[in-house]
Number of protein chains: 2
Amino acid sequence: MTSGTGSGPPTIVSIAERAGVSIASVSRVLNGLSARRDTEEKVRKAAAELGYVPNSVARSLKGGRTRQLTFAMPDIGNPVYVAMVREIQAVAKAAGYRLLLHSTDAVTEDELAVVRSLAERTSDGLIICPIRITPQHVEAIAHATAPVVVIGSPPPDAALDCVQADSVSGAQKAVWHLADTGRRRIAFINGPLDTVPGRNRDEGYRKGLADHGLGYDPELTAATDFAVTAGAAAAHELLDRRPDLDAIFCANDQLALGAAQTLHARGMRVPEDVAVAGMDDTLLARAAWPPLTSVDLGSAERGRIAAELLLERLREAAEAPAERTNSTSSTSSTDDTDVPPPAPRRTTAEPRLVVRESTVPARSV
Amino acid sequence: MTSGTGSGPPTIVSIAERAGVSIASVSRVLNGLSARRDTEEKVRKAAAELGYVPNSVARSLKGGRTRQLTFAMPDIGNPVYVAMVREIQAVAKAAGYRLLLHSTDAVTEDELAVVRSLAERTSDGLIICPIRITPQHVEAIAHATAPVVVIGSPPPDAALDCVQADSVSGAQKAVWHLADTGRRRIAFINGPLDTVPGRNRDEGYRKGLADHGLGYDPELTAATDFAVTAGAAAAHELLDRRPDLDAIFCANDQLALGAAQTLHARGMRVPEDVAVAGMDDTLLARAAWPPLTSVDLGSAERGRIAAELLLERLREAAEAPAERTNSTSSTSSTDDTDVPPPAPRRTTAEPRLVVRESTVPARSV
DNA sequence: GTGAAAGCGCTAACAA
DNA sequence: TTGTTAGCGCTTTCAC
């Protein structure tokens, strides 16, 4: 009963009617395909007059692509992830993709749901940053219906595209720096040891000490939550136990901030009495007093790399959609979903030490 | 040539074939409509075996809704916007909507493009947080093809849904607090005066002083950029000019952080010698040493309110799609796009002073 | 170069 | 209750 004109937003049908051509011609002109001069003019004129804007949903349905990417991260309040979002958004935008954001609150079930929801074809690809990577994650990602890039460190045998941080050598670098600047009793406030980051940073700390011939002393270490108050409390503990410590290395900036606050509260000078270093190089590091030396584990870089890798996978998929070639023509037993996957790529972002005044006194402010 | 089975992801057609029913029955069962017991079972079984997941794009095309919301903000690196994103994401998720993120870098052209892109029907509604609201913004938003909620303060005559901050009374509250705690020479480091926030904060500062019988002294004020280093520099200037000042109120936390750093660098104690207060109550405020008193202008709250308002508009639009009723049946002159708009709603988030140790010495730490 | 027509996967009106 | 059918708006053969 709809006449096609006057109801709802303009479509190619409205344009076709107004221009007196077929919808096919409209489509062609609008997509820059060849058309006779006057056809093109009529169509463009009608489209302009009607204020036509193509319906992206219809386009997606036809084309099988949404031009949307999804990024799923644990917590948008965390500056580390914000840095990733920022880069991903920029890369996506530049490539003509929109960015869909998911906050999983680090709940495994949520993360898995996001991966599975790729089957809804709401987005063309996913970048996911899980807090821990379980076998279920690996399984779900391996069977995902669209390209997935993981920001994190899956088990070595997992065949996934991923972008890792190297927190081992990151921690190591921080310890080197502290040792290089004359510190000898370097304490370490770590996060939970039952997490991958926790274990890695511990390893880096030990390596760093060993590299400089410094012994590992359990009394100089603490493991707690990744939070400012936890850092403050841990620092108190350490100082009570070992008042002679001359540096505190922390597994992230928030812990470092807490440690620095404790030092202030106890009337100790940073860095003269005790040097403090953190990790992640968030805006907190720059904001602290004194500004914190910190190890940039490359959040921004990982975000960028992940996005670029994902885009590459999408390009590949677009160029080689001939997955089912060479199979028996129309036998009903085609249930297998085995597709030769492109060799998974593992990239690692190189950590970068950013030296500020919490470890090296400023010459001039 | 496609048989419907075995190629590509399962669709209702594959299910129908496998279950030996029509696609309509499949659709019904899958949407929870009534069906005979065994039909339902057959369908569910087939769907499960095939690992069927509905294609959201096709659904959107049919239903005219994408179940996506867009949030456009100037800079995802800014904690104020991060707080908004967080809340918006939560509200959207709870209501079954996905969140599309746009970073406009505060470029007006980009902002307008986002509003106009609503015509592509990629998302059902938009929350936009423009840095300045121009007449073009008002115009574009008024003619948008989907509901838009503005976070910010459009001109009073603009008929837009919006959620405002009250930075005037926020600044005022901060000054009150400083005066109440005995400060008399309260300096003010503001952002650029040619922005709405800048002007409002200045107004609040003056009002606050007046309320307490304190005179306005231009020598005690500075206007600069919203950045840590700018705050530090401005504080130096103020202290050179007026070494007797006993408080510095700053138009945001970054400026306050910079001011605090300058005070430390000059060997002055916070808050004993000079109290410092900021605005926005970002995580920087809590991270600073001492922790900064700050005025929470309700970023999180504004985000939440905006999202809820937008959802309400969407509900209204869904319930009353009878815009074209009572018009002449099929006259061709139905070009007008005048639709009686629901009365625009203006909400204001109440500022909240958060007192910390940068203005009031801690009793015990 | 252009138009008619066939879908993309789904929902909903209408018949049976 | 169930099946047939007509679209949602678009792109893309395939004839003409």
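Residues numbered from 1 in each chain as written. Chains lettered and ligands numbered in written order. Predicted model: local features only at pLDDT ≥ 70, side-chain atom pairs only at ≥ 80, totals over all residues. Heavy atoms only, no water.

### Comments concerning the side chain of Thr66 of chain A
And step 1. Tracing the backbone shows Thr66 of chain A in the loop between α4 (56-63) and β1 (68-73).
And step 2. What Thr66 of chain A contacts, discounting residues up to four positions off in sequence, is Ser60, Arg98, Arg121, Thr122, Ser123 and Asp124 of chain A together with Val57 of chain B. (Helix = DSSP H or I, 4+ residues; strand = E, 2+ residues; numbered from the N terminus. Contact = heavy atoms within 4.5 Å.)

### Focus: the packing of helix α2 (residues 23-30) of chain A against helix α3 (residues 37-50) of chain A
Residues and elements named next belong to chain A.
And step 1. α3 packs onto α2 with a crossing angle of 90° between their chain directions and a minimal axis gap of 9 Å. Overall, the two elements α2 and α3 adopt an arrangement that is roughly perpendicular. In contact with Ser25, Val26, Val29 and Leu30 of α2, α3 contributes Thr39, Glu40, Val43 and Arg44.
And step 2. By residue class, the composition of the contact of α2 with α3 is four nonpolar, two polar and two charged. (Axes fitted to C-alpha atoms, helices over the stretch in contact; angles between N-to-C directions. Parallel < 35°, antiparallel > 145°, perpendicular 65-115°, else oblique. Nonpolar A, V, L, I, M, F, W, Y, C, P; charged D, E, K, R; others polar.)

### Let's talk about the protein's contact with DNA strand C
And step 1. Taken together, 24 residues surround DNA strand C, and among them Ser25, Arg28, Thr39 and Lys62 of chain A together with Tyr52 of chain B come closest.
And step 2. When the atoms of DNA strand C within 4 Å of the protein are sorted by group, sugar and phosphate make up 59%.
And step 3. The separation between a phosphate oxygen of DNA strand C and a polar main-chain atom of Ile12 of chain B is 2.7 Å.
And step 4. Measuring from a phosphate oxygen of DNA strand C, one finds a side-chain N or O atom of Asn31 of chain B at 3.5 Å.
And step 5. Of all the secondary-structure elements, those providing two or more residues to the surface near DNA strand C are α2 and α4 of chain A together with α2 (23-30) and α4 (56-63) of chain B.
And step 6. In terms of residue class, the surface near DNA strand C is made up of 10 nonpolar, eight polar and six charged. (Near = heavy atom within 4 Å. Polar contact = N/O pair within 3.5 Å; in protein donor to acceptor, adjacent residues only side chain to side chain.)

### Looking at the interface of chain A and chain B
The parts lose accessible area when they come together, and the size of an interface is often stated as this lost area.
And step 1. In this complex, chain A contributes 47 residues to the contact, which on the side of chain B involves 47 residues.
And step 2. Taking both partners together, chain A and chain B bury about 4200 Å²; carbon and sulfur atoms supply 62% of that area.
And step 3. The interface formed by chain A and chain B includes four salt bridges.
And step 4. Arg86 of chain B is the partner of Asp75 of chain A in a salt bridge, and the nearest nitrogen-oxygen pair spans 3.2 Å.
And step 5. Linking chain A to chain B there are 18 residue pairs in polar contact (both at pLDDT 80 or more).
And step 6. Among the elements of the structure, α4, α5 (79-94), β2 (98-103), α11 (253-265) and α12 (283-287) of chain A are those that each provide at least two residues to the side of chain A that touches chain B.
And step 7. Classifying every residue of the side of chain A that touches chain B gives 22 nonpolar, 16 polar and nine charged.
And step 8. One ladder, built from three bridges, connects β2 of chain A with strand β2 (residues 98-103) of chain B; its direction is antiparallel. Within the sheet, the bridge partner assigned to Leu99 of chain A lies in β2 of chain B and is Leu101 of chain B. (Buried area = accessible area lost by both parts, 1.4 Å probe. Salt bridge = Lys/Arg side-chain N within 4 Å of Asp/Glu carboxyl O. Pairing = 2+ DSSP bridges.)

### Brief notes about the sheet that holds strand β12 (residues 352-354) of chain A
Strands belonging to one sheet form pairs held by backbone hydrogen bonds; the direction of such a pair is parallel or antiparallel.
Residue and element names in this part refer to chain A.
And step 1. Taken in spatial order, the six strands make up an open sheet running β7-β6-β8-β9-β10-β12, and their pairing is mixed. Each edge of the sheet is formed by a strand with only one pairing partner; in this case those strands are β7 (221-223) and β12. Here the strands of the sheet are splayed against their neighbours by 15° on average, with no regard to which way each runs.
And step 2. The sheet strands contacting helix α9 (residues 196-211) are β6 (186-190), β7, β8 (247-250) and β9 (275-279), and the helix crosses β6 at an angle near 170°.
And step 3. Taken strand by strand, helix α10 (residues 228-241) contacts β6, β7 and β8, and its axis lies near 145° from that of β6.

### Points about the relation of the copies chain A and chain B
And step 1. Overlay of chain A on chain B (RMSD 0.2 Å): rotation 180°, translation along the axis 0.1 Å. The symmetry that links the two subunits is that of a two-fold axis. Minimal C-alpha distance to the rotation axis in chain A is attained by Leu100 of chain A, lying at 2.2 Å.
And step 2. Comparing interface residues between copies, 98% of those in chain A also lie at the interface in chain B; the contact surface is shared. (Least-squares fit on C-alpha atoms with pLDDT ≥ 70 in both.)

### Examining the side chain of Thr221 of chain B
All names here are of chain B.
And step 1. Tracing the sequence through the fold places Thr221 in strand β7 (residues 221-223).
And step 2. A relative accessible area of 17% places Thr221 in the buried class.
And step 3. The residues touching Thr221, leaving out its near neighbours within four places in the chain, are Phe188, Tyr205, Tyr216, Leu238 and Arg241. (Buried < 20%, exposed > 50% of the residue type's maximum accessible area, 1.4 Å probe, protein only.)

### Comments concerning the UniProt feature "domain: HTH lacI-type" (unreviewed entry) in chain A
And step 1. Residues annotated in UniProt with the feature "domain: HTH lacI-type" (unreviewed entry) correspond here to residues 10-63 of chain A.
And step 2. Across residues 10-63 of chain A, the secondary structure splits into 70% helix and 0% strand, with the terminal C-alpha atoms separated by 20 Å. (UniProt positions renumbered as here; feature names shortened; annotations may be inferred.)

### Some details on the protein's contact with DNA strand D
And step 1. The local shell around DNA strand D holds 24 residues, among which Tyr52 of chain A together with Ser25, Arg28, Thr39 and Lys62 of chain B are the closest.
And step 2. A share of 55% of the atoms of DNA strand D within 4 Å of the protein falls on sugar and phosphate groups.
And step 3. The side chain of Tyr52 of chain A places a nitrogen or oxygen atom 2.3 Å from a phosphate oxygen of DNA strand D.
And step 4. Between a phosphate oxygen of DNA strand D and a main-chain N or O atom of Arg36 of chain B, the distance comes to 2.7 Å.
And step 5. Broken down by secondary-structure element, the contributors of at least two residues to the surface near DNA strand D are α2 and α4 of chain A together with α2 and α4 of chain B.
And step 6. Residue composition of the surface near DNA strand D, grouped by class: 11 nonpolar, seven polar and six charged.

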